Amino acid sequence: MPARTDSFDLGRLRLTAGEGRRLELEATLDPLDYGGQTYEVTPPSVAVVLDISRMTGNGYALRLRFEAGLRGPCVRCLEPAQPAFAVDAREVDRPGGGDELSSPYVADDELDLHAWARDAFALALPAQVVCREDCAGLCAICGENLNAAGPEHAHEREPDPRWAKLSELNLE
Ligand SMILES: [Zn+2]
Ligand SMILES: [Zn+2]
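Now for a look at the structure at hand. Everything numeric here is computed off the predicted structure, so don't read it as measured data.

**As for the coordination of the zinc ion (ligand 2)**
Looking at the metal site, the zinc ion (ligand 2) is ligated by Cys139 (SG), Cys142 (SG), His153 (NE2) and His155 (NE2), spaced 1.9 to 2.3 Å from it. Given 4 donor atoms and angles of 104 to 116° at the metal, the environment of the zinc ion (ligand 2) is assigned as tetrahedral. Between consecutive donor residues of the zinc ion (ligand 2), the sequence gaps follow C-x2-C-x10-H-x1-H. Separated by 13 residues along the polypeptide, cysteine 142 in the loop between helix H1 (113-124) and helix H2 (146-149) and histidine 155 in the loop between H2 and helix H3 (161-168) bring together distant segments of the chain.

**A short note on the sheet that holds strand E1 (residues 8-9)**
As summarised here, the arrangement of the 3 strands in space is E1-E10-E9, forming an open sheet in which the pairing is antiparallel. At either margin of the open sheet sits one strand with a lone partner, and together these are E1 and strand E9 (106-107). In this structure, E9 lies alongside strand E10 (residues 110-111), joined through 2 bridges in antiparallel fashion. From the neighbouring strand, valine 106 faces E10, where its bridge partner is leucine 111.

**Looking at the pattern of salt bridges**
Summed over all chains, the structure comprises 6 salt bridges. The partner of glutamate 40 in a salt bridge is arginine 71, with the nearest N and O atoms 3.4 Å apart. Placement of the pair is glutamate 40 in strand E4 (residues 37-42) and arginine 71 in strand E6 (residues 60-73), with a sequence separation of 31 residues. Glutamate 40 gets classed as partly exposed once you look at its relative accessible area, which sits at 43%. Aspartate 119 is paired through a salt bridge with arginine 118; the nearest N and O atoms lie 3.0 Å apart.

**Side note on the coordination of the zinc ion (ligand 1)**
Listed as protein donors to the zinc ion (ligand 1) are Cys74 (SG), Cys77 (SG), Cys131 (SG) and Cys135 (SG); their distances from the metal cover 2.3 to 2.4 Å. Viewed at the metal, the 4 donor atoms of the zinc ion (ligand 1) are separated by angles of 106 to 115°, and the geometry they form is tetrahedral.

**Section: the pairing of strand E8 (residues 84-93)**
Burial of E8 is one-sided: the residues Phe85, Val87, Ala89, Glu91 and Asp93 facing one way are buried, the residues Ala84, Ala86, Asp88, Arg90 and Val92 facing the other way are not. Of the strand pairs in this sheet, E6 and E8 are connected by 10 bridges, and their pairing is antiparallel. Bridge pairing in E8 links alanine 68 to phenylalanine 85.

**Notes on the packing of aromatic side chains**
Tallied over the entire structure, the rule returns 3 aromatic pairs. A centroid spacing of 6.3 Å and a plane angle of 35° characterise the contact between phenylalanine 66 and phenylalanine 121, whose relative ring orientation is tilted. With phenylalanine 66 in strand E6 and phenylalanine 121 in helix H1, this pair connects stretches of sequence that are 55 residues apart. Residues phenylalanine 66 and phenylalanine 121 agree in their burial class; the two are buried. On the basis of an interplanar angle of 15° and a centroid distance of 6.1 Å, the ring pair of tyrosine 105 and tryptophan 116 is categorised as stacked. Note that tyrosine 105 is positioned in the loop between E8 and E9 and tryptophan 116 in helix H1, a separation of 11 residues in sequence. Judged on exposure class, the residue tyrosine 105 and its partner tryptophan 116 are both buried. Counting every residue linked through ring pairs, the aromatic cluster contains Phe66, Phe85 and Phe121.

**Examining the nonpolar core**
Judged by nonpolar contacts, the single largest core of 35 residues is most densely connected at Ile52, Phe66, Leu70, Leu111, Trp116 and Phe121. When residues of this core are traced back to their parent elements, those giving at least two are strand E2 (20-28), E4, strand E5 (45-54), E6, E8 and H1. Ignoring any residue separated from it by four or fewer positions in sequence, one finds tryptophan 116 in contact with Leu50, Leu62, Arg63, Leu64, Ala89, Arg90, Glu91, Tyr105 and Leu111. Core analysis: the second largest hydrophobic core is formed by 5 residues, Cys74, Cys77, Val130 and Cys135 among them.

The rules behind the values
Residues numbered from 1 in each chain as written. Chains lettered and ligands numbered in written order. Predicted model: local features only at pLDDT ≥ 70, side-chain atom pairs only at ≥ 80, totals over all residues. Heavy atoms only, no water. Donors = N, O, S within 2.8 Å, 3.2 Å for Na, K, Ca; no water. Tetrahedral: all angles 85-135°; square planar, octahedral: opposite > 155°, others 65-115°. Helix = DSSP H or I, 4+ residues; strand = E, 2+ residues; numbered from the N terminus. Pairing = 2+ DSSP bridges. Salt bridge = Lys/Arg side-chain N within 4 Å of Asp/Glu carboxyl O. Buried < 20%, exposed > 50% of the residue type's maximum accessible area, 1.4 Å probe, protein only. Phe/Tyr/Trp six-rings, centres within 6.5 Å; stacked < 30°, edge-to-face > 60°. Core = buried A, V, L, I, M, F, W, Y, C linked by side-chain atoms within 4.5 Å. Contact = heavy atoms within 4.5 Å.

Dropping the structure here:
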C-alpha cells in the first residue's frame, strides 16, 4: 500500500533532463459540493499513477491518472448513486516559461498532489450526477420512481374534483 501523499517533492527524485519516473501514490479526496448536494468521494484515499518527466532545460511534465467514484443522491430520482469516473490530467511546469507553462500545483519542485487530484476530479465530472445514464427520474404527477415503475407507468386524466362538483349541479 503506497504511503498517503498530499504533496510530493519532485526534486527528491533527482531526475536529469529527459529522464522520467512513474510512481504509484495515494491521494486523499475530500467530499465534494456539487449541484447543491454533498457527495462523498469513494474511496476517499485513492491510488494514483503519477508520471513525472524532467524536461530538457528545466521543469517537469506531469501526468496524473486515477479512478474514483462519488456517492450521493441521483439528481433525477434521488436514489443513492455511485458513479465512477476516470481522471487523466496533465500539467507542465517550466520555471521562467511564463504563465502558460507554470503549473498552479507546483511550487519550488513541490507538487500539491491533493489540490491537483481534487481539481482534476471535479473537471472529470458530468454536469449532473445520475445513478445511471438513462435514469427516468420521478413521475411529475405522483412522485413515484419511474425506474422501478417502468415505462407503462401513466396516469389516467383524473377528473378535477372541482369539475365533478360542477357536473353534480347538472347545468346542462
Ligand atoms: Zn436516478
Ligand atoms: Zn405517477
